[in-house]
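Chain by chain, the residues:
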Amino acid sequence: MSGGEFHTDSNSGQALVLTGGGARAAYQVGCLRAIAQALPDYRPQILTGVSAGAINATYLAAAQGTWRQSVEALVQLWLQMRTDKVYRTGLGALASRLGHWGLHFATGGRFGRKDIRGMVNNQPLRDYLLGQLAAQAGGGEILGVDRNLAAGWLKALAVVTTNYTSGRSEAWVDTLQPSIWSGSQVHARRASLSVEHVMASAALPFFFPSVNLQGQWHGDGGVRLAAPLSPAMRLGARRILAVSPQAKAETQTESAAAYPSPGQVAGVMLNAIFLDLLDYDALQMRRINELLRVIPESEWDGRRPVEVMVLRPQEDLGQVARQSQSQMPPAFRFFAGGFGGRDEPTADALSMVNFEPGYIGQLIDFGEQDTRARMPQIEAFLRAGEQG
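Scoring rules and cut-offs
- Residues numbered from 1 in each chain as written.
- Predicted model: local features only at pLDDT ≥ 70, side-chain atom pairs only at ≥ 80, totals over all residues.
- Heavy atoms only, no water.
- Helix = DSSP H or I, 4+ residues; strand = E, 2+ residues; numbered from the N terminus.
- Buried < 20%, exposed > 50% of the residue type's maximum accessible area, 1.4 Å probe, protein only.
- Contact = heavy atoms within 4.5 Å.
- Areas by Shrake-Rupley, 256 points an atom, 1.4 Å probe, with all protein chains shown as cover.
- 1 Å grid on protein atoms, 1.4 Å probe; cavity = no way out; pocket = protein on both sides within 12 Å on 5 of 7 lines; lining within 4 Å.
- Points joined across faces, edges and corners; volume = space filled by probe spheres on them.
- Nonpolar A, V, L, I, M, F, W, Y, C, P; charged D, E, K, R; others polar.
- Phe/Tyr/Trp six-rings, centres within 6.5 Å; stacked < 30°, edge-to-face > 60°.
- Lys NZ or Arg CZ within 6 Å of the ring centre and 35° of its normal.
- Salt bridge = Lys/Arg side-chain N within 4 Å of Asp/Glu carboxyl O.
- Axes fitted to C-alpha atoms, helices over the stretch in contact; angles between N-to-C directions.
- Parallel < 35°, antiparallel > 145°, perpendicular 65-115°, else oblique.
- Core = buried A, V, L, I, M, F, W, Y, C linked by side-chain atoms within 4.5 Å.
- Left-handed = near helix turned anticlockwise from the far one by under 90°.

(A) Structural context of the overall build of the protein chain. The helix and strand inventory of the protein chain stands at 16 helices and nine strands. Sorting the 388 residues of the protein chain into buried and exposed places 54% on the buried side. Intrachain contacts of the protein chain at a sequence separation of at least 6 include 76% that bridge at least 24 residues. Only carbon and sulfur atoms are counted for the fraction: they give 54% of the accessible area of the protein chain, which is about 17,000 Å².

Following this line, the structure appears as structure tokens:
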């Protein structure tokens, strides 16, 4: 590594995009740890987060200290996490909520509670984030973001949610920029970000409860987000490092497969909704860059090249989750066994809701290993911005 410093004006065009995937977001933390150790002066000034990626992006935007210190503190946040710090895992709590849902469905809405919000109660995650993000207990506003904006370390933070009333993606933007965009695929709203924005972005459909923001219900930001890179571009990014928690090519089996379980179907759907769109968006960006390079700049019509690099696992994290299922709380293992086939080689849905330390530690290790293997390429990509 060259060990040289990043110039402030070069960092200002650097953006970090962290997408969804529930517990898989721990892989992102491993990637960032390897980069921070190798390139301690790299500090993206534009951060965007979707779903569990919103936890990581918001934490880094609010953290005080150097980038390396901030990333290491984020690693500790994940290493100290357990499933019961994210949602209530007792047999009674799970059985009660699932029972009411089943009764309400089976009786056409005549019986069973009508206000069951989510399969699990994730109040523990809200409490955990209030402490970890140094937020005000009342409204949950995250004070460190505004401090870093004022200090110039941060240019903008955007957290994306899905508005269940309008069906649109909404980016909640904290920035000192005089204006933010409107009228795109992602509707932008200026906001002082709070824990409630993060909880909304990370609210996996059906599993976690939706969150009321300004009188409307919001859920996981990945549900309708067709262009995950769009918020970073709109905020002025010229070079985007995006971290996806899905392997590029999932392991295929040639043997005859059993009929897919509900868990297997749910895993495929969650991958399609939250994890696959980043690839398409990056491909479109590369095509636009190629087009801009062959036409005169006078004809760009306000567009500009934006370089993109995507980091992703070399391992199928669904397979890792299946191997780690025994670490989960007994009640959750019981219901997971009925939801998904016990002999399936992969567990994509489970990989998003398993927050046990052993599994989280594996994901962080995988992120570090994969990133170190690509570090020369990553450094070349990031440092290329110093020349342009």
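(B) View of the layout of surface pockets. Size it by volume and the second largest pocket reaches roughly 410 Å³. Forming the boundary of the second largest pocket are 17 residues, of which Ser-230, Met-233, Asp-281, Met-285 and Ile-288 lie nearest the centre. Here the element with the most residues in the lining of the second largest pocket is helix 11 (residues 277–293); it accounts for five residues. Its residues assigned to classes, the lining of the second largest pocket shows eight nonpolar, five polar and four charged.

(C) Looking closely at the packing of aromatic side chains. Applying the stated criterion to the full structure yields five aromatic pairs. Measuring from ring centre to ring centre gives 6.4 Å for Trp-78 and Phe-355, while their planes differ by 20 degrees; the resulting arrangement is stacked. One end of the pair, Trp-78, is in helix 4 (residues 67–79); the other, Phe-355, is in the loop between helix 14 (348–351) and helix 15 (357–373), and 277 residues separate them in sequence. Here the two residues Trp-78 and Phe-355 agree in accessibility, since each one is buried. Aromatic side chains Phe-207 and Phe-208 sit 5.0 Å apart centroid to centroid with 55 degrees between the ring planes, which places their arrangement in the tilted category. The burial state of Phe-207 is the same as that of Phe-208; both residues are buried. Members of the aromatic cluster, connected to one another through ring pairs, are Tyr-87, Phe-207 and Phe-208. Directly above the aromatic system of Trp-153 lies the positively charged group of Arg-43, at a separation of 4.8 Å from the ring centroid. The ring centre of Phe-381 lies 4.9 Å from the NZ or CZ of Arg-239, which sits over that ring.

(D) Molecular detail of the pattern of salt bridges. Under the counting rule described, the total for this entry stands at eight salt bridges. For Arg-33, the salt bridge is made with Glu-368, and the minimal N-O distance between the two is 3.1 Å. Linking Arg-33 in helix 2 (residues 25–38) with Glu-368 in helix 15, this pair joins segments that are 335 residues apart in sequence. The same class applies to Arg-33 as to Glu-368, namely buried. One network of salt bridges, with partners in common, ties together Arg-33, Glu-72, Glu-368 and Arg-372.

(E) The packing of helix 3 (residues 53–62) against helix 7 (residues 143–151), seen in detail. Two elements in contact, helix 3 and helix 7, have axes whose closest approach is 7 Å; the angle formed by their N-to-C orientations is 55 degrees. Here helix 7 runs oblique to helix 3, going by the angle between their axes. Of the residues in helix 7, those in contact with Leu-60, Ala-61 and Ala-62 of helix 3 are Gly-144, Val-145 and Asn-148. A per-class count over the contact of helix 3 with helix 7 returns four nonpolar, two polar and no charged.

(F) Local environment of the nonpolar core. If you look at the biggest cluster of nonpolar residues, it comprises 76 residues, and the most contacted ones within it are Leu-16, Ile-35, Leu-47 and Trp-78. Ranked by residues supplied to this core, first place goes to helix 2 with nine residues. Listed in part, the 25 residues of the second largest apolar core include Ala-15, Val-17, Val-50 and Ala-156.

(G) A look at the packing of helix 3 against helix 4. Axis separation between helix 3 and helix 4 bottoms out at 9 Å; the angle between their running directions is 140 degrees. Of the possible angle classes, the one that applies to helix 3 and helix 4 is oblique. Two packed elements cross with a definite hand, and for helix 3 against helix 4 that hand is right-handed. Of the residues in helix 4, those touching helix 3 at Asn-56, Tyr-59 and Leu-60 are Trp-67, Ser-70, Val-71, Ala-73, Leu-74, Leu-77 and Trp-78. Counted by class, the contact of helix 3 with helix 4 contains eight nonpolar, two polar and no charged residues.

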